[in-house]
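Breakdown of the fold
What follows is the residue order along each chain.
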Amino acid sequence: MKQIFPHQVEELLKQSENVSIIDVREAEEVAQGKIPGARHIPFSQLGDRFNEIEKDKEHIIVCRSGNRSGMACEFLTSQGYNVINMVGGMLEWTGEIE
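First things first, this report covers the structure right here in the doc. Note that this is a predicted model, so its numbers are computed, not measured.

What counts, and at which threshold
- Residues numbered from 1 in each chain as written.
- Predicted model: local features only at pLDDT ≥ 70, side-chain atom pairs only at ≥ 80, totals over all residues.
- Heavy atoms only, no water.
- Helix = DSSP H or I, 4+ residues; strand = E, 2+ residues; numbered from the N terminus.
- Rg over C-alpha atoms; globule rule 2.2 N^0.38 Å.
- Buried < 20%, exposed > 50% of the residue type's maximum accessible area, 1.4 Å probe, protein only.
- Areas by Shrake-Rupley, 256 points an atom, 1.4 Å probe, with all protein chains shown as cover.
- Polar contact = N/O pair within 3.5 Å; in protein donor to acceptor, adjacent residues only side chain to side chain.
- Contact = heavy atoms within 4.5 Å.
- Pairing = 2+ DSSP bridges.
- Axes fitted to C-alpha atoms, helices over the stretch in contact; angles between N-to-C directions.
- Right-handed = clockwise from strand over helix to strand, strands pointing away.

**Side note on the overall build of the chain**
- A tally of helices and strands in the chain yields four helices and five strands.
- Computed over C-alpha atoms, the radius of gyration of the chain comes to 12 Å, within 12% of the 13 Å expected from 2.2 N^0.38 for 98 residues, which places it in the range of a compact globule.
- The principal-axis extents of the C-alpha atoms in the chain amount to approximately 30 × 30 × 20 Å.
- Put simply, the chain has 98 residues, and 42% of those count as buried.
- Total accessible area on the chain is roughly 5500 Å²; 47% of this is exposed by carbon and sulfur atoms.

This is how it looks when you write it as structure tokens:
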């Protein structure tokens, strides 16, 4: 599984506006703040909603600590998606939140 660290994601966001981030935390977690521009698809709904994700793009998957996003990456990879797990999750995020 490909991995990326939060500070690297922050750099990517500074360099390009065309970064796809998918936040798989639950609604009450996202309500406390998410990475600007991240799309919210809760892990609990991913099996039903993965078809909403573009297959021809690379996506960075984010959760609270990196565990659910890792499981989401495994699932999405098995479905043919190009995904990267953000290691450490939002616990390690020091950038802006919305």
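**Some thoughts on the side chain of D23**
- Secondary-structure assignment places D23 in strand β2 (residues 20-23).
- At a separation of 2.7 Å, a polar atom in the side chain of D23 contacts the side chain of R25.
- With near-sequence residues (within four places) excluded, D23 lies in contact with V30, K34, A38, R39, H40, I41, P42 and V62.

**A word on the sheet that holds strand β4 (residues 58-62)**
- Ordered in space as β1-β5-β4-β2-β3, the five strands form an open sheet in which the pairing is parallel. Two strands bound the open sheet, and with one partner strand each, they are β1 (3-4) and β3 (39-40).
- Pairing analysis gives four bridges linking β2 to β4, with the strands arranged parallel. Looking at the pairing, D23 lines up with V62 of β4.
- Helix-sheet contacts for helix α4 (residues 67-78) involve β4 and β5 (82-86), and the interaxial angle to β5 is about 170 degrees.

**Focus: the pairing of β5**
- Of all five residues in β5, four are buried, a share of seventy percent or more.
- Bridging between β1 and β5 involves two bridges; their strand directions are parallel. If you follow I4 over to β5, its bridge partner there is M86.
- Relative to β5, β4 is paired through four bridges, and the arrangement is parallel. The partner of I61 across the bridge, within β5, is N85.
- Handedness of the crossover joining β4 and β5 through α4 is recorded here as right-handed.

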